[in-house]
Amino acid sequence: MSLFDFWRSIRERGPLLRRTNQLRLTPAQIRLLGNSEVRAVLQNDSMVSLLPPVGTEIFRCFTPASLEEIQRRQEAEGEEPKRRRNEQAAEKDPPKPDTHLEAGKPLPFIYGDPPPELLTTPLEELDPFYQSQKTFIVLSKGHILSRFNAESSCFLLSPSNPLRTVSMKIVRNTFFSLFMMLTVLANYFLMKFPESRAAERVFTAIYTSEAVLKVVSRGFCVGRFTFIRDPWNWLDLLIISTGFLTEFVDLGKFSVLVTIPRVMKIFTVTPGLKKTVEALLQSVRRLADVIILMVFCLSILALIGLQLFMGVMKHKCVIRHFDLLNSTTDYYDNRTGSIHFNYHQYISNPVNYYHLPHHHDALLCGNSSGAGVCPDGTVCLKAGQNPNYGYTSFDSYGSSLLSLFRLMTRDFWDNLVMLTFRAAGVLYVSVSVLVFFPTCFFLLSLLLAMVAVAMVEQEKASTSEDKRREEEFSRIVKVLMSREEQEEEEEASSTAALSQEHNSPQKKKKSAAADRGLEHAAVDEDEEDHRPARCAFIRLFLKGDCCGCSRWLKLRLSAFVMNPFFDLVIVICIVLNTVFMSMEYYPMTSSFEELLSIANLVFVGIFTAEMFLKLAALGLYGYFQVSWHILDFVIVISSLVELGMAAVEGLSLLRIFQLLRVLRLARWWPELHLLMKITWAALQSLTLVLLVMVFMFNVVGMQLFQNDYRDGVCRISADCMLPRWHMHDSVHTFFLIFRVLLGEWIETLWDCMEVSDRTSCVIFFLMVLVIGNLLVLSLFMTLLLSSVSYDKLTAVEGKVPNNPQIAINQTGTCIREHVLSLVGNRNHVDHQVDTKRDDKKEYLALNPVTSDQLSLNGNHDDLSRDPLYRFSCRAPVAEAESEFKVPEDKEEKRLQCDIRADENHKENTPGDCCCDGCYRCCPFLCVDTSQGRGRVWSNFRRTCFLIVQHKYFEAFIVFIILLSCAALVFEDDHLQHRPVLQAVLDRVDLMFTVIFLVEMLLKWIAFGFKKYFSSFWFWLDFLVLDVSLVSLIFGLFGFSCPSLRALRTLRTLSRFQGTRVVLRGLSLCLGPMFSVLLVVMAVWLIFSILGVQMFAGKFLYCLNETSEETFMSTDVANKTECFWLMEANYTEVQWKNPKFTFDNVAMGYLSLIVMTTSTGWLSIMYAAMDVTQVESQPQYEYNLSMFLFFICFMISYFFTFNFFIRVFIDTLHQHRHKFGGKHVFTTKQQQNFIRAVRRWFSKEPQEPVPRPQNPCRARLFDLVTALLFKVVVVMVISLNMVVLMVETDEQSAEKEAVLNWFSFIFIIVYLAEFLLKVVALGRHYFSSRLNILDFVVLIVIIIGLFLTDLIEKYFISPAFFSVLRLARILPFLRLIRHARGIKVLLMGFAMSLPALFNIGLLLLLVMFTFSAVGMFHLAYLPRQMMIDDMFNFQTFGSSVISMLMVSTCLEWHSLLYGLTNTPADCGLQTTFSTESCGSPAAALVFFTSYIFLVFLLQIHLFTAVILETFNAMNPEDAEDAEDVPQVSCEPISNILHGKQEEASAVIQNDAEGTPDPSKISGSSPPTSCLDENPTESMG
């Protein structure tokens, strides 16, 4: 099943689940199950496993007699001959336990409801598989089945023992489960107080008592269903053992071994959580293949990074000392008072390093080409430690692996790339980026795909189980109903035989008495209903029917509040209320604030009146039956309380509830309604599991690192104060865990490694990252694949319009009728239109006209007035083609194929020059093309048509487009200093414009204006050319528009079919994405308004610009004191506002965008946590509760992103046939490649190599083909990998010599293996691609061994060749046990390569275009934050690198700091425009549009891999067969018409699989080539 097939079945799962949960049998039907005939029918229908035991009682208590019966049955089975049992086992499958009667599941519906007195009582076994074994069952509340051993517990207590019976009743009692749950929660609370030893003893005693009860009830270990056989009970043993161990031994940090099992105890006492955890563990098993592949690939990448960048991070700029490079010079040092200069001591002192302002680490540099350059007065030397406390490096395998894992998770990876760029150079890093980034994307996308596959398989399993239950139930009911019908027929026949007796007078009296008895019973029941008078009055009062007046008022008000216009007015009021709330800003004038206060009072009054009207109309009972009314009631009450207690400080936050009124729009807004349903669906067991794990990591983190942060704080903080992210207390630990779940873990890991044990920190953070993100991803997929269907919801909402839509439609109808009535022609126009329609229908029905009748019966004058003749006189069609003959006995199917063939031929001929309206207005445009100038014009158009359709013409235009794009690379910041290059570029630009103009003119003549301007791609070329012409004209007048030339890249979109497919997909998704964007904007509006109410005017601070430090709140308390300092001529003091604030709703939106798309959310959150009062100086972590605002927003972003992906996939599903069917974003030729990949991966292995006849070669052949030989080679390669892993920077000479000898030995072993295989296999050695790979790798290694110096000087580092040895391990992946799963993963990724190529090409084009625009407008950004000498927009290369950084949405907010400055702050002056330097709006549009496009394309990339992984895991189905291109009828038609050349060309194109690039729009080919008409010419 592909993802689209599963997505199609989503809407069926919800109703199916509801139906299966409501399946029940009536008592009469359960009674019929004991009938021998019914059981025989069901047994023949293979339903014997569902049938309850035969007998009057289904549920029988387990007694000693039951145990004796089981023993007699076992003895009878033991006496049966062994041969007979073997024969039966050979004939049929061995018996298996019934899945319906598994322990922990509810009792099947077919058994009915057991008597209440039998609950928590031992009962006889219902499963036939266990009836011959010593087991019994116990039913608890909810009919949950539990299975126990019937043998004596602990060899002492039989099942009938009172002690064991009581323990079973206690363990299976609901109150006991509730007590244990409350105990676990209380233990959670007291975990925050580890010094409470008495409480720990109490909990240990309780857990021990629970375990004792379980052991008494089940037994300990002997038997299948004993205590120790349940893995969840191992957790209890661990809790008890560690609890008693802590009484005698101080475990220290190992006390987490006590905490972890106690936190996980909640899973054992909550059945729902237990099932969820078990399902998660099952899904993790499916990730084994991708985990193995991920570890292997990361290891290879880590070794590549180790060999390429080992030691480069230590190169830094050192302040030049007197004759620093000459370490032997003696002189007097004023600092040390010595005349001896110690070179190594000087370069090892961090004081002598050059630091940029506000940077903790020294400025890195490099000695290779393209690396960072040190400023004047410094020199680049290898000294000191690596950046970021020494943890960012590739100096060892561990640090390299950590850096690669950081790169894959994209946490602070921009810093890693920047440092590597500066230290190693652009060339090295560019090569590594081309290797690291695609591989990391490959691993991450496969991980997402496998998680999706695991979730889908679980959903499929549950759905199939529900379907099977429903089918089995329907079959059982069908048999039972047939039996009931037979019994009714028998009763009817017996009733007919006794009809005379019933007609006797005595019987009539008896029946009349029975009727009177029924009437009296009905009266008694009615009186019984009315017996509790007080309850009846309360019920009437709640419904509003207590008196006639109230019923009259309720009737009138119901009609009023149910009117569609009432809902429309309420919707308008909600919108207006939201608008007024969003108008708050800082600083507000008193008059405007008073206006908003009055508006708030008005809206509160309106909504209060609405609430009372609905209460009066619906009554209390009816009002609170609607959930939307409950929400409105809470909002209104909170508004009234806020108004009544406005003077009380702190209650002003109740206005926050008014923001929830925006959610009331979901009642009439389908998309918002769906988002709320997704959010509500998240309140399930998986969310609780995530919260439990967060709590566990919180407690464990505090126990492990609380004291370490207190003792080692000076290592990570200059002022020895705890940083914002630490684990010294519970609140900050929770903040840190939440940040790790967001994917930002590396910086906090560095701090932890500095203050505590490195191994413990790495293990803890990786566990939090992996487990937490796996749970988050599982929750995301669960919500995405839930039964809440987008298209179903919109379909329902579209069919049944809501009240506001009805009101709007009625208003529009009334206005239209009123306008038409004013005109006075309404009836006349309607009557005339209806008459025309009737006449047209009647004419079409009675007088059908065909094309052959027009040609045979019409004359020339009639045809000249017909549009068909106008086409023939305008288009240059030859005379022979304008005459055609049609047989009279033409079939309908053949006529349709002729019409399609005629349309196909028209596309290969020039079309009309103008539209039909032009010809009607200007008849002189119609030219006779059969003679004179018309024929010359026709031939000229045909010539132009052949030119523009020629493949060489299209290739030439593509080449010119690529050259015009390449010319943009040279128009950088240095162009003004290169006049010759600038002159050449001007001439080349003119030449490109002329060529494109000639191309457009040729296509106008060839295709005509009508056909040319009916194509979107031609319109795009036309607009780009117009822009180029306007740019040239402006250039003649001295106005430079360099950014307009960047639009040249848009011409490449229409030249590549793959990009056109992706763009078509984007265009189809724009509509749904726009509706999603509106929903997201509405949700964000709530948080923006809330941010304005909470933080407006509170982010301001007083700053000392000289030291760039913020004043303490004890020194400067507020704005007034800061202005006093400014007035006292302290020029360095400024009262400043951050770049991203919540002073108004617009700035709030900008801050929210930064929070969701970059790491800038940290600075915003820091400012929010430090706020005090309006215009007051912030105080460090004064208001930690503000972190909840950011938590809520990030959670809402999670749901909105889930909603976005759901709508995106649903759009792909609805338009999947336009996307290429199952293989989306691919062309027809690329789908052929996908099928070839599937066949290549699925083909059988090649025929074995024949064994040589020579005895020596035969022995060598047996040696090299033996499994042991392959295993030895794999072990040697693995040992080679280990040897490469132990290599480090600055290793000793002895270690380096040993490693070199190992490398030489490995080369000898590989060479010996090669010689053995060549001698043994002969020429067959090179018939295998894997052997060729081994040979190439061996040759490269040998070349790298002997030509080290030459390669290092002119090419690349020879250390890279040692990494190529690891490529030899790839052929041996088939020896791994999970190689089959890895093969499927690789096949899925290979099948997605065409789609990835198309999307990546469009992504590259977007990046190229925006890089060129940024180079033209952002070249002179001030060097601050992210902008420096290497990362800027001054050259095209640096611009591409900067946009690459922005593409991952990490540090783009840093660029906004420079763009929000004024033009005077931009520094240098240039001929380019610097308006964007001080234009925040333009910068915001530039970056947000780029981020949005890149975000969409990245979603396309991941979606393509996920879809193809689904396709790879399923066999090729019918949809693949539909994707095979059909044979066109065009070649056969051309042959029949005498056009052999055109036919051969078309056949050749079809054979090569290359589409015609000049084809404007596709046409449907004929359904069958045999339907072509050989006698008809195409006109």
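Refer to the structure presented above.
Residues numbered from 1 in each chain as written. Predicted model: local features only at pLDDT ≥ 70, side-chain atom pairs only at ≥ 80, totals over all residues. Heavy atoms only, no water.

### Considering a nonpolar patch on the surface
Applicable threshold: In this scheme, patches are assembled from residues that exceed 30% relative accessible area and form no salt bridge. Like charges are connected within 9 Å, while nonpolar side chains (Val, Leu, Ile, Met, Phe, Trp, Tyr) are connected within 5 Å. Reported accessibility uses the Shrake-Rupley method at a 1.4 Å probe radius. Residues are deemed covered only where the shown protein chains occlude them. Salt bridges are defined as contacts in which a side-chain nitrogen from Lys or Arg sits within 4 Å of a carboxyl oxygen from Asp or Glu. For the purposes of this entry, the term helix denotes a DSSP run of H or I that reaches at least four residues, the term strand denotes a run of E that reaches at least two, and both are numbered from the N terminus. Only protein chains enter the calculation, and the probe is 1.4 Å; a residue is then buried if its accessible area is under 20% of its type maximum, exposed if over 50%, and partly exposed in between.
On the surface, Leu-601, Ile-637, Leu-640, Val-641, Leu-643 and Met-645 cluster together to form a nonpolar patch covering roughly 440 Å² of accessible area. Per element, the largest residue contribution to the nonpolar patch is 4 residues, and it comes from helix H25 (residues 627–644). Residue classification places Val-641 among the partly exposed positions, given a relative accessible area of 34%.

### Some words on the sheet that holds strand E1 (residues 122–123)
Within a beta sheet, neighbouring strands are joined by backbone hydrogen bonds and run either parallel or antiparallel to one another. Applied cut-off: At least two bridges found by DSSP between two strands are what make those strands a pair. In what follows, residue pairs with any heavy atoms lying within 4.5 Å of each other are defined as contacts. For every element, the axis is a line fit to its C-alpha atoms; helices are fit only across the contacting stretch, and the angle between N-to-C directions ranges from 0 to 180 degrees.
As summarised here, the arrangement of the 3 strands in space is E1-E2-E3, forming an open sheet in which the pairing is antiparallel. For this open sheet the edge positions go to E1 and strand E3 (145–149), each flanked by a neighbour on one side alone. Contacting E1, strand E2 (135–139) and E3, helix H7 (residues 162–171) crosses the sheet at an angle of about 45° to E2.

### A few points about the packing of helix H59 (residues 1436–1447) against helix H61 (residues 1480–1512)
Packed helices, taken two at a time, are described by the angle between their axes plus the distance between the axes. Selection rule: Convention used here: angles under 35 degrees read as roughly parallel, angles over 145 as roughly antiparallel, angles from 65 to 115 as roughly perpendicular, and any remaining angle as oblique. Each crossing gets its hand from how the near helix is turned against the far one by less than a right angle, where anticlockwise is left-handed and clockwise is right-handed. Throughout this entry, Asp, Glu, Lys and Arg are counted as charged residues, while Ala, Val, Leu, Ile, Met, Phe, Trp, Tyr, Cys and Pro are counted as nonpolar. The remaining residues, Gly among them, count as polar.
Packing of H59 against H61 leaves a shortest axis separation of 10 Å and a crossing angle of 65°. What the angle tells us is that H59 and H61 run roughly perpendicular. In this structure, H59 crosses over H61, and the sense of that crossing is right-handed. Between H59, through Met-1443, Val-1446 and Ser-1447, and H61, the contact on the second element is made entirely by Phe-1486, Phe-1487, Tyr-1490, Ile-1491, Val-1494 and Gln-1498. Residues belonging to the contact of H59 with H61 are distributed by class as follows: 7 nonpolar, 2 polar and no charged.

### Things to note about the environment of Asn-1398
Inspection of the secondary structure assignment puts Asn-1398 in helix H58 (residues 1393–1417). Note on Asn-1398: relative accessible area 2%, which makes it buried. Between the C-alpha atoms of Asn-1398 and Val-1062, which are 336 residues apart in sequence, the distance is 6.8 Å. With residues near it in sequence (within four places) discarded, Asn-1398 still touches Gly-1058, Thr-1059, Val-1062, Phe-1225, Thr-1226 and Gln-1230.

### Describing a negative patch on the surface
Here is the rule we go by: Under the counting rule used here, the positive set is Lys and Arg, the negative set is Asp and Glu, and His together with the chain ends is not counted. We put the charge of a Lys on NZ, of an Arg on CZ, of an Asp on CG and of a Glu on CD.
Judged by side-chain charge, Glu-485, Glu-488, Glu-489, Glu-490 and Glu-491 come together as a negatively charged surface patch. Within the secondary structure layout, Glu-491 lies in helix H18 (residues 426–497).

### Description of the nonpolar core
This is how it is decided: Throughout, nonpolar core names a set of buried Ala, Val, Leu, Ile, Met, Phe, Trp, Tyr and Cys residues whose side chains join them through atoms within 4.5 Å.
If you look at the biggest cluster of nonpolar residues, it comprises 249 residues, and the most contacted ones within it are Phe-267, Phe-764, Phe-1095, Met-1155 and Phe-1225. Setting aside residues no more than four positions away along its own chain, Phe-764 makes contact with Phe-697, Val-700, Gly-701, Leu-704, Phe-705, Met-727 and Ile-737. The next biggest cluster of nonpolar side chains, apart from the first, holds 22 residues, and it includes Ile-960, Ile-961, Leu-975 and Leu-1002.

### A short note on the sheet that holds strand E8 (residues 1101–1104)
Across the sheet, 3 strands lie side by side as E9-E8-E10; this open sheet has antiparallel pairing. Of all the strands in the sheet, the pair left with one neighbour each is strand E9 (1109–1110) and strand E10 (1133–1136). Bridge analysis of E8 against E9 gives 2 bridges, and the strand direction is antiparallel. Bridging across to E9, Asn-1104 finds its partner in Glu-1109. Here helix H46 (residues 1119–1127) sits on the sheet in contact with E8 and E10, set at roughly 145° to E10.

### Section: the pairing of E8
Neither face of E8 is exposed, since Tyr-1101 and Leu-1103 on one face and Cys-1102 and Asn-1104 on the opposite face are all buried. Where E8 lies against E10, 4 bridges are found, and the strand directions are antiparallel. In the sheet register, Leu-1103 faces E10, and the bridge partner there is Gln-1134. Taking the residues between adjacent antiparallel strands as the criterion, E8 and E9 are bridged by 4 residues, where Glu-1108 takes a positive phi near 55°.

### Overview of the packing of helix H30 (residues 746–755) against helix H31 (residues 758–784)
H31 packs onto H30 with a crossing angle of 150° between their chain directions and a minimal axis gap of 8 Å. Considering their axes alone, H30 and H31 lie roughly antiparallel with respect to each other. In terms of crossing hand, the pair formed by H30 and H31 is right-handed. Residues Thr-748, Leu-749, Cys-752 and Met-753 of H30 form the contact with H31, whose participating residues are Arg-758, Cys-761, Val-762 and Phe-765.

### Describing the state of the cysteines
This is how it is decided: Put simply, a disulfide is two cysteine sulfurs that come within 2.5 Å.
Applying the stated criterion across every chain yields a total of 5 disulfides. Residue Cys-1102 pairs covalently with Cys-1122 via a disulfide, S to S 2.2 Å. The chirality of the disulfide connecting Cys-1102 with Cys-1122 is right-handed, given an S-S dihedral of about 75°. Remark: Cys-1122 occurs in helix H46 and Cys-1102 occurs in strand E8; sequence separation between them is 20 residues. Both residues of the pair, Cys-1102 and Cys-1122, count as buried. The structure places no disulfide on Cys-221, whose sulfur is separated from the nearest cysteine sulfur, that of Cys-154, by 8.2 Å.

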